[in-house]
Amino acid sequence: LRFISGPAMNDRVAEIPVLHTERLILRPHRVSDIEASMAMWTDPEVVRYIGGKPSTEQQTWGRMMNYLGHWQLMGYGYWCVEERTSGVLVGEFGFADFRREITPSIRGIPELGWALRSHVHGKGYATEGLRAAMAWGDMHLPIPRTVCLIDPENLPSFKLAEKLGFREQTRTNYSGKPIVLLFRERGDGRA
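Analysis parameters
- Residues numbered from 1 in each chain as written.
- Predicted model: local features only at pLDDT ≥ 70, side-chain atom pairs only at ≥ 80, totals over all residues.
- Heavy atoms only, no water.
- Helix = DSSP H or I, 4+ residues; strand = E, 2+ residues; numbered from the N terminus.
- Rg over C-alpha atoms; globule rule 2.2 N^0.38 Å.
- Buried < 20%, exposed > 50% of the residue type's maximum accessible area, 1.4 Å probe, protein only.
- Contact = heavy atoms within 4.5 Å.
- Lys, Arg positive; Asp, Glu negative; His and termini not counted.
- Charge placed at Lys NZ, Arg CZ, Asp CG, Glu CD.
- 1 Å grid on protein atoms, 1.4 Å probe; cavity = no way out; pocket = protein on both sides within 12 Å on 5 of 7 lines; lining within 4 Å.
- Points joined across faces, edges and corners; volume = space filled by probe spheres on them.
- Nonpolar A, V, L, I, M, F, W, Y, C, P; charged D, E, K, R; others polar.
- pLDDT = per-residue confidence, 0-100.
- Salt bridge = Lys/Arg side-chain N within 4 Å of Asp/Glu carboxyl O.
- Pairing = 2+ DSSP bridges.
- Expected span 1.5 Å × (residues − 1).
- Arc of directions from axis to C-beta.

**Quick word on the overall build of the protein chain**
And then number 1: What the protein chain contains, in helices and strands, is 5 helices and 8 strands.
And then number 2: The order of helices and strands in the protein chain, counted from the N terminus, is β-β-α-α-α-β-β-β-α-β-α-β-β.
And then number 3: Over its C-alpha trace the protein chain gives a radius of gyration of 16 Å, about what one expects of a compact globule, namely 16 Å for 191 residues.
And then number 4: Dimensions of the protein chain along its principal axes, counting C-alpha atoms only, are 55 × 35 × 35 Å.
And then number 5: Residues classed as buried in the protein chain amount to 46% of the 191 residues present.
And then number 6: The contacts of the protein chain with a sequence gap of at least 6 include a subset with a gap of at least 24, amounting to 64%.
And then number 7: The positive charge centre, built from 24 side chains, and the negative charge centre, built from 22, are 2 Å apart in the protein chain.

Take a look at the structure:
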């Protein structure tokens, strides 16, 4: 029996970058983030357009593990978004390949996603943090196209996606519900 540790176990072991903006720090998740993440993912205002129902602790924990696993396997993933002045977790932003069963297929295309705690909605944190994430993505993602999925009724997210240079590709269904698929090519928009 032989044990292998370190990078030999995996094709790619990514160091998760830490990004700083004027008011935010985008950093790797920590075990200690579970309570704040739970507070976000059980808030009806946060989940209103993201599945519509609060997450359980197990689902929130699985989400955090998924985010970290993306960094290790794909070289990109989600960041925990922390307010610089308070050190409080205010959201989660990043890129993923969730291998969604959706038509048209987006497999292999990094999907940008974001969620913010409701008490910071309207402060411009999403624009500020996502611009930093997309600037990182423009330099490091393996392909020049990114996508995002938005509930057709989520007007604030459409406005944000447009600011970031995303354009509607098609309207389709995901998990039995209508969804809008948007795309952005590297260098498009105002990220």
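After that view of the structure, there is still more to cover.
**Regarding empty space enclosed by the protein**
And then number 1: One pass over the structure, following the stated rule, counts 1 cavity of 30 Å³ or more.
And then number 2: For the largest cavity, the calculated volume is near 50 Å³.
And then number 3: Lining the largest cavity, in full, are F95, M134, G137, D138, L141, I143, P144, T146, R184, E185 and R186.
And then number 4: At the level of secondary structure, the elements contributing two or more residues to the lining of the largest cavity comprise α4 (125-140) and β8 (177-185).
And then number 5: With 3 residues, the single largest contributor to the lining of the largest cavity is α4.
And then number 6: Of the residues contributing to the lining of the largest cavity, the split by class is 5 nonpolar, 2 polar and 4 charged.

**Side note on the confidence of the model for the protein chain**
And then number 1: With 91% of its residues at a pLDDT of 70 or more, the protein chain shows a mean pLDDT of 91.
And then number 2: Counted against residues more than four places away or in other chains, residues 6-11, with its pLDDT under 50, gives 4 contacts.

**Considerations on the pattern of salt bridges**
And then number 1: Across all of its chains, the model carries 8 salt bridges by this definition.
And then number 2: For E111, the salt bridge identified is with R100, shortest N-O distance 2.8 Å. In this pair, E111 is assigned in strand β5 (residues 111-116) and R100 in the loop between β4 (89-96) and β5, connecting sequence segments 11 residues apart.
And then number 3: Residue R100 is classed as partly exposed on the basis of its relative accessible area of 22%.
And then number 4: The residue R171 makes a salt bridge to E168 at a minimum N-O spacing of 3.0 Å.
And then number 5: The class for R171 is exposed, based on a relative accessible area of 52%.
And then number 6: Residue class for E168 comes out partly exposed when judged on its relative accessible area of 42%.
And then number 7: Residues participating in the shared-partner salt-bridge network are R27, D33 and E82.

**Some remarks on the pairing of strand β6 (residues 145-150)**
And then number 1: Counting buried residues along β6, 5 of its 6 residues qualify, which places the element largely inside the surrounding structure.
And then number 2: Across 6 bridges, β6 lies against β8 in antiparallel orientation. Counted as the bridge partner of V147 is F183 from β8.

**Description of the environment of H70**
And then number 1: With respect to the secondary-structure elements, H70 resides in helix α3 (residues 57-74).
And then number 2: Separated by 50 residues in the primary sequence, H70 and H20 place their C-alpha atoms 21 Å from one another.
And then number 3: When residues no more than four places from it in sequence are discounted, the contact partners of H70 are G75, Y76, G77, F95, A96, D97 and F98.

**A few points about α3**
Since there are 3.6 residues in each turn of an α-helix, residues three or four apart along the chain are aligned in direction.
And then number 1: Relative to the 26 Å expected for 18 residues at 1.5 Å per residue, α3 spans 25 Å between its end C-alpha atoms, a close match to the ideal helical length.
And then number 2: Where α3 is concerned, the buried positions are T60, M64, Y67, H70 and W71. End-on view of α3: buried residues confined to an arc of 115°, all on one side of the axis. Exposed and oriented more than 90 degrees from the buried face of α3 are Q58 and L73.
And then number 3: Of the surrounding secondary structure, the elements contacted by the buried residues of α3 are α1 (34-41), β3 (78-83), β4 and α4.

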